[in-house]
Amino acid sequence: MKNSPLSSETKTGVTKRKNRASNFAIFRSLLIVASAFFLSAPYAYAQGQCGYADAINYPVDTNIFHLAQDFGTLSVRHQGRYHTGEDWFGGRANNYAYGTPVRAAATGRVTYSSPTGWGRDGGVVIVEHTFPDGTIAYSQYGHMADLETAHFPAPYSCVKMGDIIGAVGDVRPAPHLHFEIRDSNGDSPGPGYSWENPIDLGWRQPTKFLRNAQTWLQPAFHWRLDLRDESGPITPPLQLDDNSLVYIDAGRLGRVTPDGRSLWRINLEKPAVGITNFDGLPLLTYADGEMQRINLDGTFSERWQTGVTLDSFVLATGESLIFHTPDKALAAFDAARQQIRWQLENIQPVIRAQFTGQLIGIITESN
């Protein structure tokens, strides 16, 4: 049987259906392309727009500039608020270093740039840095001037480590650079001072961050553990026989594997100043002088009180465990970690110590 010829009306309907099918196919192809673009865009954006920060350095020459106000200090000029960065001052001998070029600490993308970002307190530039492990940090440069020899970069432009991004401005109380490192909020210059502890709000101690990052970016680096507490006591981690580490951090005790994976974390009921080895198990020492053994699975074991208040860990010499006390003394506990074996008065807070087997060498906060 022959096919019947199509009427003009039927042909028109077939043509419309073909056109709709063709248009749908084109739309579907465009949708797939668009979806692929949007799915891949963040990945390409993070890696490709400005590159990785594979090195990092100070924004000013530390042979000329010195730290005038540290991170987290309480400011009398600002009603006792916390300082959210570090103030680097060039000194009177260098005419306060006004106009000295300020350089990007690392490669990154400019997320904020304004010569009037802080009004009469000068301009602000913020740079977003993506590190090779995918972590992101923001560096902020405040109290700057946009000079003919040191122009501010355009927002969303790329900068390399060492590029000039402004100059030290003529601001109160004297020309200096306010330098910050933070985890987020890269599009706002921030207050410079905070009523809340800046660590809890995502700010980091800049010098500590730079020194750590310089280590992370070395070829020999394998893994790292970021601690929440930026200003806690000097408490070295305890290395166990299997090379795992037990550490104290911001009111918590944790254990990580030799390759940096977390095994457990437990909250502490009060401040601790040291974690040492005692008869094959970690021994936690609290600031109020209480000792407590910790099982390898992260559970608490026996505890006892020594009655001696402590403010920082110094070192274990084998038989003795030596701490610094709030009344400026060194106190050495006996082998049983129960009683004071000896005490040495008039010792300033200790920042580093070494035991040679016969002598103890210490460096205090006053050097």
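Residues numbered from 1 in each chain as written. Predicted model: local features only at pLDDT ≥ 70, side-chain atom pairs only at ≥ 80, totals over all residues. Heavy atoms only, no water.

**Some details on the overall build of the chain**
So, point 1. Within the chain, the regular secondary structure consists of 2 helices and 27 strands.
So, point 2. Long-range pairs, those at least 24 residues apart, make up 49% of the contacts in the chain between residues at least 6 apart in sequence.
So, point 3. Per element, the accessible surface of the chain, about 20,400 Å² overall, is 52% carbon and sulfur. (Helix = DSSP H or I, 4+ residues; strand = E, 2+ residues; numbered from the N terminus. Contact = heavy atoms within 4.5 Å. Areas by Shrake-Rupley, 256 points an atom, 1.4 Å probe, with all protein chains shown as cover.)

**Considering the environment of threonine 130**
So, point 1. Secondary-structure assignment places threonine 130 in strand S7 (residues 123-130).
So, point 2. Each C-alpha atom of the pair threonine 130 and glycine 108 lies 6.8 Å from the other, and the pair is 22 residues apart in sequence.

**Some details on the state of the cysteines**
So, point 1. Using the criterion set out here, one finds 1 disulfide in the structure.
So, point 2. Shown here is the disulfide that connects cysteine 50 with cysteine 158, its sulfur atoms set 2.1 Å apart. Across the S-S bond linking cysteine 50 and cysteine 158, the dihedral sits near -75°, which makes this disulfide left-handed. Here cysteine 50 is found in the loop between helix H1 (8-48) and strand S1 (66-69), whereas its partner cysteine 158 is found in strand S9 (residues 158-159), with 108 residues between them in sequence. (Disulfide = S-S within 2.5 Å.)

**Re unusual backbone geometry**
So, point 1. Unusually for a residue other than glycine, aspartate 279 sits at a positive phi of about 55°.
So, point 2. When you line up the elements, aspartate 279 lands in the loop between strand S18 (272-278) and strand S19 (281-286).
So, point 3. Assessed through its relative accessible area of 64%, aspartate 279 is described here as exposed.
So, point 4. Positive phi values are uncommon outside glycine, yet lysine 328 reaches one of about 60°. (Buried < 20%, exposed > 50% of the residue type's maximum accessible area, 1.4 Å probe, protein only.)

**Brief notes about the pattern of salt bridges**
So, point 1. Here the structure, examined in full by the defined rule, presents 12 salt bridges.
So, point 2. Where arginine 109 meets glutamate 128, a salt bridge forms, and the shortest distance between an N and an O atom there is 3.2 Å. Of this pair, arginine 109 sits in strand S6 (residues 108-114) while glutamate 128 sits in strand S7, and the two are 19 residues apart along the sequence. Per residue, the accessibility class of arginine 109 equals that of glutamate 128, and both read buried.
So, point 3. Note that glutamate 290 is salt-bridged to lysine 270, the shortest N-O span being 2.9 Å. Taken together, the residues span a long stretch of sequence, with glutamate 290 in strand S20 (residues 290-294) and lysine 270 in the loop between strand S17 (262-267) and S18 at a distance of 20 residues.
So, point 4. You can call lysine 270 partly exposed: its relative accessible area is 22%. (Salt bridge = Lys/Arg side-chain N within 4 Å of Asp/Glu carboxyl O.)

**Notes on the packing of aromatic side chains**
So, point 1. Applying the stated rule across the entire model yields 7 aromatic pairs.
So, point 2. Taking the centre distance of 5.7 Å and the plane angle of 65° together, the rings of tyrosine 58 and tryptophan 88 count as edge-to-face. In this pair, tyrosine 58 is assigned in the loop between H1 and S1 and tryptophan 88 in strand S4 (residues 86-89), connecting sequence segments 30 residues apart.
So, point 3. Judged by relative accessible area, tryptophan 88 falls into the buried class, the value being 7%.
So, point 4. Positioned above the aromatic ring of tryptophan 195, the side-chain terminus of arginine 81 is 5.5 Å from the ring centre.
So, point 5. Positioned over the ring face of tyrosine 286 is lysine 270, at 5.0 Å from the centre of the ring. (Phe/Tyr/Trp six-rings, centres within 6.5 Å; stacked < 30°, edge-to-face > 60°. Lys NZ or Arg CZ within 6 Å of the ring centre and 35° of its normal.)

**Considering the sheet that holds S18**
So, point 1. Strands sit in the order S18-S19-S20-S21 across an open sheet of 4 strands; the sheet is antiparallel. Sheet topology places S18 and strand S21 (300-305) at the edges, where each strand pairs with a single neighbour. Taken pair by pair, the neighbouring strands of this sheet meet at an average axis angle of 25°, ignoring direction.
So, point 2. The sheet contact formed by S19 and S20 spans 3 bridges and is antiparallel. Looking at S20, one finds that leucine 284 is bridged to glutamine 292. (Pairing = 2+ DSSP bridges. Axes fitted to C-alpha atoms, helices over the stretch in contact; angles between N-to-C directions.)

**Details of the side chain of histidine 83**
So, point 1. Locating histidine 83 in the fold gives a position in strand S3 (residues 81-83).
So, point 2. From its side chain, histidine 83 meets the backbone oxygen of glycine 85 in a polar contact 2.8 Å long.
So, point 3. Of the polar contacts made by the side chain of histidine 83, one reaches the side chain of aspartate 87; its length is 3.4 Å.
So, point 4. Discounting residues that sit within four places of it in the chain, histidine 83 has contacts with Gln69, Asp70, Phe71, Gly72, Thr73, His178, Gly192, Tyr193 and Pro198. (Polar contact = N/O pair within 3.5 Å; in protein donor to acceptor, adjacent residues only side chain to side chain.)

**Re the pairing of strand S10 (residues 164-168)**
So, point 1. Burial analysis of S10 places 4 of its 5 residues in the buried class, the great majority of the element.
So, point 2. In the sheet, strand S8 (residues 136-145) pairs with S10 via 2 bridges, with the strands oriented antiparallel. Note that in S10 the partner of alanine 145 across the bridge is alanine 167.

**Considering the sheet that holds strand S2 (residues 74-75)**
So, point 1. Taken together, 3 strands build an open sheet; the order of strands is S2-S3-S12 and the sheet is antiparallel. A single partner strand is all that each edge strand has here, and the edge strands are S2 and strand S12 (193-194).
So, point 2. Two elements, S3 and S12, share 2 bridges in a ladder whose sense is antiparallel. Counted as the bridge partner of tyrosine 82 is serine 194 from S12.

Read these as layout, nothing more, since geometry by itself doesn't imply function.
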